[in-house]
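# Fold and contact review
Here are the chains, one letter per residue:
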Amino acid sequence: MKKKLGAAKSVYTLADLKKGIDVQSPIRLGVLGDPVEHSLSPQMQDAALKQCKVDMQYARFRISPDELRHALKLIRQLEFVGVNLTIPHKIKALEFLDVRDENVKRIGAVNVIKVESGKLLGFNTDGRGFSRAVREEFSVDLRDLRILVLGAGGAGRAIALQCAKENCERLVIANGTFEKGQELADSLRDFFSGPKVFGPVPRLQAIPWEEKAFRFQIGNVDLVVNATPIGLNRGETSPIPARLLAPHVMVYDTIYSDKRTPLVAAAIEAGARGANGLSMLLHQGALAFEVWFQREPPLDVMRKAIS
Ligand code: NAP
């Protein structure tokens, strides 16, 4: 007798992975996180799979930090093509990788795993995704910009490294814990030893998380990036208030939960241009698709699926 196939779920768990998931089209890709309900990656990646006529599905998996090791073991056994990692797994997952690419080593965080010959290969596509998003939103390249990055966690480190690699004009890092921002700036020092000089302001620096420091820097940067979760939850205010922003700056918020995040709203109030993190989600996801399938991702189809 033919086995009855179950209906696809919006979120799977470790228990589902243990029993094996029987659905019409096999699940061989997914995102592991907690919380993960909000993730838009399944609709984006499923649209790409359909367009490319790849018969598999991408699913959400709610996996706690304690379950991560087991989940990755099962992903390997079930011959997944790969997975994305989101909060809180991007750092913890490093210890379970067989191979880490250069970006992963430098950033200390992984957002894409590819399963190849039973091994887990780790990549980080956040930085390049961010770069493409900025080009798309503002028609500028990072190398032409003076950039203030808020946050020195996984996303902040990926973004700061990309800015450094693309030889941006200036990079300023502000983080809640100042020492962490300073550590990040120090790790990028080699990239900024070239001949570009900017008068009295240093090309690379970490600043304290203070209104006075923000006020001064806004006059000396072109792009402000929010790589903190401030603004993610309802009722939260912008990490930088509108009164400190100015019409000349471009503002990129990596948060995409709302079209008009508190920071994007503050940018608009200040007469500046602002964009949310949907474009970064798209491009980091498209780069992940490329890692998994070694082929060009159908970008327009993916974009349409999340807009
Ligand atoms: P994370 O590793 O937890 O890092 C968060 C950073 O923000 C930490 O350095 C933390 O500083 C800082 N921070 C948090 N609250 C703060 C506050 N009140 N004041 C000052 N600094 C504060 O998180 P993550 O993985 O980097 O993610 C950060 C954000 O990026 C999230 O909102 C995520 O959604 C977004 N993201 C978006 C995309 C996309 O595709 N659009 C991709 C990746 C990430 P401390 O060191 O002091 O704790």
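Everything below is about the structure shown above.
Each residue is numbered by its place in its chain's sequence as written, counting from 1. The model is predicted, so local features are restricted to residues of pLDDT at least 70 and side-chain atom pairs to those at 80 or more, both for listing and for counting; the totals for chains, interfaces and linings are taken over all residues. Based on all heavy atoms of the structure, the side-chain values leave hydrogens and waters out of the count.

### Thoughts on the sheet that holds strand β9 (residues 204–207)
Here is the rule we go by: Pairs of strands are assigned from DSSP output, requiring at least two bridges between the strands. Helix numbers and strand numbers start at the N terminus; a helix is a DSSP run of H or I with at least 4 residues, a strand a run of E with at least 2. Geometry is summarised by axes, namely lines fitted to C-alpha atoms with helices restricted to the contacting stretch, and by angles between N-to-C directions that run from 0 to 180 degrees. Between two residues, a contact is recorded if the distance between any of their heavy atoms is within 4.5 Å.
What the 6 strands build is an open sheet, ordered β9-β8-β7-β10-β11-β12; its pairing is parallel. Since the sheet does not close on itself, it has two edges, and those belong to β9 and β12 (273–275), each with one partner. The sheet shows a mean angle of 15° between the axes of neighbouring strands, direction not considered. In this structure, strand β11 (residues 250–253) lies alongside β12, joined through 3 bridges in parallel fashion. Note that in β12 the partner of Tyr252 across the bridge is Ala275. Sheet contacts for helix α7 (residues 178–187): β8 (170–174) and β9; angle to β9, the most-contacted strand, approximately 170°.

### Re the site of the ligand
Here is the rule: Only heavy atoms are used to decide nearness, and a residue is near a molecule or strand if one of them lies within 4 Å of it. Throughout this description, a polar contact denotes any pair of N or O atoms lying within 3.5 Å of each other; where both atoms belong to protein, one of them has to be capable of donating a hydrogen while the other can accept it, and for residues adjacent in sequence the pair is counted only when both atoms sit in side chains. The method behind every accessible area is Shrake-Rupley, applied with a 1.4 Å probe, and residues are considered shielded solely by the protein chains displayed. Throughout, the ten residues Ala, Val, Leu, Ile, Met, Phe, Trp, Tyr, Cys and Pro are labelled nonpolar, Asp, Glu, Lys and Arg are labelled charged, and all others, Gly among them, are labelled polar.
Neighbouring the ligand are 22 residues, the closest being Ala155, Asn175, Thr177, Lys180 and Thr254. At a separation of 3.2 Å, a nitrogen atom of the ligand approaches a polar backbone atom of Gly176. Backbone polar atom of Gly277 to a nitrogen atom of the ligand: 3.0 Å apart, as the coordinates give it. Calculation on the ligand without its partners gives an accessible area of 930 Å², and the protein chains cover 74% of this total. By residue class, the composition of the shell around the ligand is 10 nonpolar, 9 polar and 3 charged.

### Observations concerning helix α8 (residues 211–218)
Basically, it comes down to this: Exposure categories follow from relative accessible area, calculated using a 1.4 Å probe and restricted to protein chains: below 20% of the type maximum is buried, above 50% is exposed, and the middle band is partly exposed. Arc definition: directions from the helix axis to the C-beta atoms.
By the burial criterion, the buried members of α8 are Ala213, Phe214, Gln217 and Ile218. For α8, the angular spread of the buried residues around the axis is 130°, confining them to a single face.

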